[in-house]
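What follows is the residue order along each chain.
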Amino acid sequence: MKRRESGKNVLNQYPADSGVEKAFKAIGIISLILPVSLLLILIIDTTADGIPRLNWSFLTSFPSRFPEKAGILSALVGSVYLIGLTAFIAIPLGIGAAIYLEEYARKNRITSLIEINISNLAGVPSIIYGLLGLGLFVRIMSLGRSLIAGALTLSLLLLPMIIMAARESLKTIPQELREAAYALGADKWMTIRKVVLPLGLPGILTGIILSLSRAIGETAPLITIGALTYIAFLPESLTSPFTTLPIQIFNWISRPQKEFHVNAAAGILVLLIIMLLMNALAIWLRIRLQKRNV
Amino acid sequence: MRNPAGKREPGSQADLRLPRSFVERGIGSVLLVCAAVSVVVTIGIILTLLKETIGFFQRVSFKEFFFDTQWTPLFSNKHFGIWPLIAGTALTSFFAMLTAIPLGLMSAVYLSEYAPERIRKALKPSLEVLAGIPTVVYGYFALTFVTPLLQKVIPGLAGFNAISPGIVMGIMITPIVASLSEDAIYSVPLSLREAALALGGSRLRTTFRVVIPTAFSGIVASFILGMSRAIGETMIVTIAAGQQPRFTLDPRVPIETMTAYIVQVSLGDTPHGTIEYSTIFAVGMLLFLITLVFNLIAHFMKKRFLRGVL
Amino acid sequence: MNKNMEEHYRSPREFDFSGIKPEEAIITTDNVQAWFHKTIALKGISLPIARGKVTAIIGPSGCGKSTFIRTLNRMHEVVPGAGLRGRVLFEGQDIYSPEVNPIVVRKKIGMVFQKPNPFPMMSIRQNVASGFLLQGIRSDHLDEKVEYYLRQAALWDEVKDDLGKPGSSLSGGQQQRLCIARALAIEPSVLLMDEPCSALDPIATARIEDLIHSLRGRYTIVIVTHNMQQAARVADYTAFFYLGEVIEYNRTDTLFKNPANKQTEDYITGRFG
Ligand SMILES: Nc1ncnc2c1ncn2[C@@H]1O[C@H](COP(=O)(O)OP(=O)(O)OP(=O)(O)O)[C@@H](O)[C@H]1O
Ligand SMILES: [Mg+2]
């Protein structure tokens, strides 16, 4: 069986980087670039469509039957109120749950039930949360198609996301720091408040801001609970009817007239700019707070 | 300054028996309640859906729901066959996966096996930006950009169809598939790659004969999760696929998905208590169950993969 | 780094007492220097490896044993940040010259790793045949070949009834012999083994040592070991490495009975760090 090759060139039988391999690398790079470049096209296309319409009166007008007079005031204000309210409900719940699971929970059935449940909830389609909101908040709790019903619905939707982000952040804090605090006589809650939370804060805040920026774009569950698509006043109380920016955009997209599509594009630009700002804020916060900690 | 512990004699027995503070005792239960909210949400979802679904099936037979091929609850001649909505969902999801699987898997393999570590670290999060774009925006893109573009290539493509929203949905899902498959591929132990290389395998063969087969169940889990996303995605298909429940496998014509139907009814003024109102819960229940099954399968495949690798 | 390296060059006459003639060597390394980023792991190794013989590499942890044998089949470059200078002549040809394909080098110079690493998604049979699969070779008489190499690796009798079982279902020692069968199946002339017994119990270790004895002559074997008795039992030649250098290279019996160097003596008598 064994031949004894000797002399030169026994080792170079074919080229080092075969053509197939090169082609495959190229395919990999294309697969990465293609979706991102489509995103760029999307942004350029929308900007081209929407920028002529993007002016001060667009931001400060109520919707209208006439596309050139219509604006996003009520939608923008509605979105801001809704997100504020959602943050107010979801953040304490989410952080509380994360602290419980990371710092207090023993490894038992109940804990693993809660954990499996949270990861399953994260996979439930958002429109199902809309049905929950419709059945529970709008009907059973008789909150109607109101701001508070919307905020409660969105809070439940965000909860798994916030919990998971917060837990990730808490996991990265070294156990020795907790033990150091205990060794100094701090009790558990003191340790969490003075050591664990401050250190975990950058990660937690980043996760929260990112999930809130997701929530700003949510449409389907809010339509399901009955957020209105045409509203010419600003919400005055928690039980006022409301609309939001993505719903207004959806409304304009669904109209057959092309002029409304221009409004939709302008609305999308506003939405994307808000999300961009929120993401930038998240990154800035993380960098700043991390510096302070180190 | 007074020593806060100064009231007690250091070293006395009382020191050790000091009761835990009020806050310390209460806070654990408060936090437990926060964590339990998530369980309540699940129960709430199930009960809400169940309540109206039971109401629905008191008026519509299982047989009609699962064997009729027409879905016309909003017309006077009412039919409640779910198949047109399932066909619509299947079509759009099919095109989504046709886009997301190759793009996602190839990006994942490239990122994990070929890209320098620096590029890998920079690119992975930037892919995730794609998943953060609001779905109405994708819907607008599908309707006003992709559909007209495809109409130039595909004869007979209607203004509303399954292909365009399917592809756009695929783009949206690609980062999910890419990121999860990349995790699976990356976690294949280095020692297996080295063994394959030492056996004279090229990088490409090592990737396809050893790395991908080893990560297989993790990769499939990412596909299934992506699929579950596609099935539950709402706005893109509502905007660009149409609202005409149709039992067809022709992707060029307007159809309606389960999610789009729920939106369609929610937009109208359907009074509480009517059969139309309860249809959206029945459809929602089916949607919930399908995505739940997909998510559970993905969960177990991922677990199996981790057990196999570690 | 370069300057320091040059100063480090030592003539083989200072440490190589093996008496291996150039025509007896299948591999000859010539001043091989290797590093990871800024860490220097090998400071200029010049060794001949005798054809058909068993060569043991011994030395304290971190002295560069693994790095050295990985330079012999171009596995060193797989590690990110790894760099290398010098020449490794295999049958007279420098395996690091630009026209050489590392894949072909690895086909000729097989490797067995410290931790048994059978492919978990492949059966025992497929593991033995994995080299063909990875090289894209269609092979006929596959079953006969699988049996032949499993016999070579002294594993056939234990697994002949469950060739379809996953490779990872075997015991650690069996897994390691499976890895040896897998490496033999690509018909290398040289087999590199990096502490092949360190994850095994004494009985499994004895079986692998028997196996090495039975392969001697047909294959050239280079084995890294921490176990000096093992080196004494299996090897014809032994090299003692310390801090990235060869301190002494000689016939095994001479090196153990009559070391030329004080450091070698300290190490083999256990008086060493
Ligand atoms: N992947 C790596 N990255 C950076 N440095 C490395 C790497 N692998 C090895 N080294 C360094 O190179 C030197 C030689 O390591 P090597 O693994 O060859 O030692 P060894 O003799 O095989 O040790 P052991 O007996 O513990 O296996 C050591 O100083 C080690 O720290
Ligand atoms: Mg080693």
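It should be emphasised that the depicted structure is a prediction, and the values quoted were computed from it without experimental measurement. (Residues numbered from 1 in each chain as written. Chains lettered and ligands numbered in written order. Predicted model: local features only at pLDDT ≥ 70, side-chain atom pairs only at ≥ 80, totals over all residues. Heavy atoms only, no water.)

Colleague: Where do I start with the interface of chain A and chain B in this structure?
Modeller: Each partner contributes to the interface: chain A provides 67 residues, whereas chain B provides 73 residues. The contact between chain A and chain B buries some 6,200 Å² in all, and 78% of this surface belongs to carbon and sulfur atoms. It is A:Phe24, A:Leu32 and A:Leu131 in chain A that bury the most area against chain B; as a group they hold 11% of the surface buried on that side. Across the contact surface, chain A and chain B share 1 salt bridge. (Contact = heavy atoms within 4.5 Å. Buried area = accessible area lost by both parts, 1.4 Å probe. Salt bridge = Lys/Arg side-chain N within 4 Å of Asp/Glu carboxyl O.)

Colleague: Whenever I open this one, the pattern of salt bridges confuses me. Can you help?
Modeller: Between side chains of opposite charge, pairing is possible as soon as their charged atoms come close. Summed over all chains, the structure comprises 27 salt bridges over all chains. For B:Glu113, the salt bridge identified is with B:Arg193, shortest N-O distance 2.8 Å. You can see B:Glu113 sitting in helix H4 (residues 83-114) and its partner B:Arg193 sitting in helix H8 (residues 190-198), a full 80 residues away along the chain. Given the relative accessible area of 11%, B:Glu113 is considered buried. On the basis of relative accessibility, which here comes to 12%, the residue B:Arg193 falls in the buried class. Linking C:Glu77 and C:Arg106 is a salt bridge whose minimum nitrogen-to-oxygen distance equals 3.9 Å. Taken together, the residues span a long stretch of sequence, with C:Glu77 in the loop between helix H2 (65-72) and strand E5 (82-90) and C:Arg106 in helix H3 (residues 102-108) at a distance of 29 residues. (Helix = DSSP H or I, 4+ residues; strand = E, 2+ residues; numbered from the N terminus. Buried < 20%, exposed > 50% of the residue type's maximum accessible area, 1.4 Å probe, protein only.)

Colleague: In this structure, what is going on with the layout of surface pockets? I would like to understand it.
Modeller: Think of a ball as big as a water molecule: rolled over the atoms, this probe shows where empty space is left. Taken as a whole, the second largest pocket encloses approximately 960 Å³ of empty space. Lining the second largest pocket we find 30 residues, and of these B:Glu113, B:Leu197, B:Arg203, C:Glu77 and C:Val78 sit closest to its centre. Residue assignment for the lining of the second largest pocket shows that the elements contributing at least two residues are helix H1 (19-50) of chain A, H4, helix H5 (117-132), H8 and helix H9 (203-214) of chain B together with H3 of chain C. A class-by-class count of the residues in the lining of the second largest pocket yields 13 nonpolar, 6 polar and 11 charged. (1 Å grid on protein atoms, 1.4 Å probe; cavity = no way out; pocket = protein on both sides within 12 Å on 5 of 7 lines; lining within 4 Å. Points joined across faces, edges and corners; volume = space filled by probe spheres on them. Nonpolar A, V, L, I, M, F, W, Y, C, P; charged D, E, K, R; others polar.)

Colleague: Sorry, what's going on with the site of ligand 1 here?
Modeller: Residues and elements named next belong to chain C. Taken together, Phe-36, Ala-41, Ser-61, Gly-62, Cys-63, Gly-64, Lys-65, Ser-66, Thr-67, Val-79, Glu-195 and His-226 are the residues near ligand 1. Ser-61 places a polar side-chain atom, nitrogen or oxygen, 2.5 Å from an oxygen atom of ligand 1. At a separation of 2.9 Å, an oxygen atom of ligand 1 approaches a polar side-chain atom of His-226. Surface burial for ligand 1 is 64%, taken as the share of its 630 Å² of free accessible area covered by protein chains. Per-element tally for the shell around ligand 1: the top contributor is H2, with 3 residues. A per-class count over the shell around ligand 1 returns 4 nonpolar, 6 polar and 2 charged. (Near = heavy atom within 4 Å. Polar contact = N/O pair within 3.5 Å; in protein donor to acceptor, adjacent residues only side chain to side chain. Areas by Shrake-Rupley, 256 points an atom, 1.4 Å probe, with all protein chains shown as cover.)

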